[in-house]
Amino acid sequence: MKFSWIICFNLLLAFALSGCTTSRNDVSDIGGDRVKNSQIYTINSKGGVYKIGNPYKIFGTWYYPAEDYNYSETGYASWYGDGDGFHAKTTANGEKYDMHALTAAHRTLPLPSIVKVTNMENGRSVILGVNDRGPYAKNRIIDISKRGAEILGFKTKGTAKVKVEILPEESKKLKEAMLRKSGGDSWLKANRNTTAI
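Model, not experiment: these values are computed from the prediction. (Residues numbered from 1 in each chain as written. Predicted model: local features only at pLDDT ≥ 70, side-chain atom pairs only at ≥ 80, totals over all residues. Heavy atoms only, no water.)

Draft legend 1. Region of the structure containing unusual backbone geometry. Cis rather than trans, the peptide bond between L111 and P112 has omega equal to -5°. Tracing the backbone through its elements, the reader meets P112 in the loop between β7 (103–105) and β8 (113–119). Omega for the bond connecting G134 with P135 falls within 30 degrees of zero, at -10°, which places this linkage in the cis form. Relative to the elements of secondary structure, P135 occurs in the loop between β9 (125–132) and β10 (142–145). Phi is positive for K138, which is not a glycine, with a value near 55°. Positioned with a positive phi, N139 is a non-glycine residue whose angle comes to about 55°. (Helix = DSSP H or I, 4+ residues; strand = E, 2+ residues; numbered from the N terminus.)

Right under this line is the structure:
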């Protein structure tokens with residue numbers, strides 16, 4: 001059965017609010033790209049909260065976090081989590097980083113946000129939950145989990161040219177769901193194990 005990505009996200013949101021986990025969908029439709037092996041999970045983040053954050057300075061450069069639901073940028077992605085000491089450490093919004101989950105770090109988007117990342121070199125796309133800050137090296141625009149890099153096909157290479165697009169409706173619904181939760185102790189991740197075909 002094919003689902004539109006909007007319907008999938010709405011189902012995901014409903015399950016998150018009820019504390020359930022969805023089952024595997026063998027074929028789904030994300031942004032018009034047919035994908036396979038789609039898995040959607042609800043994760044209890046044990047402290048993850050919705051936040052934007054104040055302006056901050058890293059290596060002499062100022063960054064200005066903001067709710068930007070029109071965000072779309074092309075640039076280079078890297079990945080993190082295997083042997084670099086980040087796995088299981090606390091992310092910028094208070095979660096535990098899991099290199100096997102489909103998450104990412106971004107310098108200015110709200111935490112969490114939902115983004116679609118497309119590898120411009122091979123056409124593969126994946127939906128990620130942004131829950132951390134970074135990257136700050138070599139003008140890269142996003143840092144992706146190890147699993148995300150595997151799906152996008154650049155884990156071995158280390159970097160890839162990508163297009164990052166925020167999914168505005170999904171990100172807004174996620175924000176509302178988190179703000180409704182007392183203490184912000186659980187949040188929804190669009191943790192989809194997807195590859196384009």
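Next, the rest of the story.
Draft legend 2. Highlighting the sheet that holds β9. Taken in spatial order, the 6 strands line up as β6-β10-β7-β9-β8-β11 and close into a barrel, and their pairing is mixed. Between one strand and the next, the sheet's axes are offset by a mean angle of 45°, whatever the strand orientation. Both β8 and strand β11 (residues 159–166) contribute to a ladder of 5 bridges, which runs antiparallel. Within β11, the residue paired with V117 across the bridge is V164. Against the sheet, helix α3 (residues 168–180) touches β8 and β11, its axis set at about 150° to β8. (Pairing = 2+ DSSP bridges. Axes fitted to C-alpha atoms, helices over the stretch in contact; angles between N-to-C directions. Contact = heavy atoms within 4.5 Å.)

Draft legend 3. Highlighting the nonpolar core. Ranked by size, the top nonpolar core spans 29 residues in total, and within it V115, V117, L128, I142, I144, V162 and V164 carry the most contacts. Every residue in contact with V117, bar those within four places of it in the chain, is listed here: R124, S125, V126, L128, I142, I144, L152, V162, K163 and V164. (Core = buried A, V, L, I, M, F, W, Y, C linked by side-chain atoms within 4.5 Å. Buried < 20%, exposed > 50% of the residue type's maximum accessible area, 1.4 Å probe, protein only.)

Draft legend 4. Seen up close, the packing of aromatic side chains. Applying the stated criterion across every chain, the model contains 5 aromatic pairs. Judged by centre distance (6.1 Å) and plane angle (90°), the ring pair of Y56 and Y136 falls under edge-to-face. With Y56 in strand β4 (residues 56–58) and Y136 in the loop between β9 and β10, this pair connects stretches of sequence that are 80 residues apart. Each ring, one from Y80 and one from Y97, has its centre 4.4 Å from the other, and the planes form 15°; the classification is stacked. On the criterion of sequence distance, the pair formed by Y80 in strand β6 (residues 72–80) and Y97 in the loop between β6 and β7 is long-range, its members being 17 residues apart. Each member of the pair, Y80 together with Y97, is buried. Aromatic rings pair up to connect Y56, Y63 and Y136 into one cluster. (Phe/Tyr/Trp six-rings, centres within 6.5 Å; stacked < 30°, edge-to-face > 60°.)

Draft legend 5. Structural view of the confidence of the model for the protein chain. For the protein chain, per-residue confidence averages 73 on the pLDDT scale, and residues scoring 70 or more make up 66% of the total. Within the protein chain, no element has a lower average pLDDT than strand β1 (residues 25–30), which sits at 30, and none a higher one than β11, at 98. Taken together, the stretch residues 1–46 has pLDDT below 50 and engages in 109 contacts with residues farther than four places along the chain or on a different chain. (pLDDT = per-residue confidence, 0-100.)

Draft legend 6. Highlighting the pairing of β6. Where β6 and β11 come together, 7 bridges link them in antiparallel fashion. Considered in β11, the bridge of G75 is made with V162. Sheet topology note: the β6/β10 ladder contains 4 bridges and is parallel. Bridge assignment links A77 to a residue of β10, and that residue is I142.

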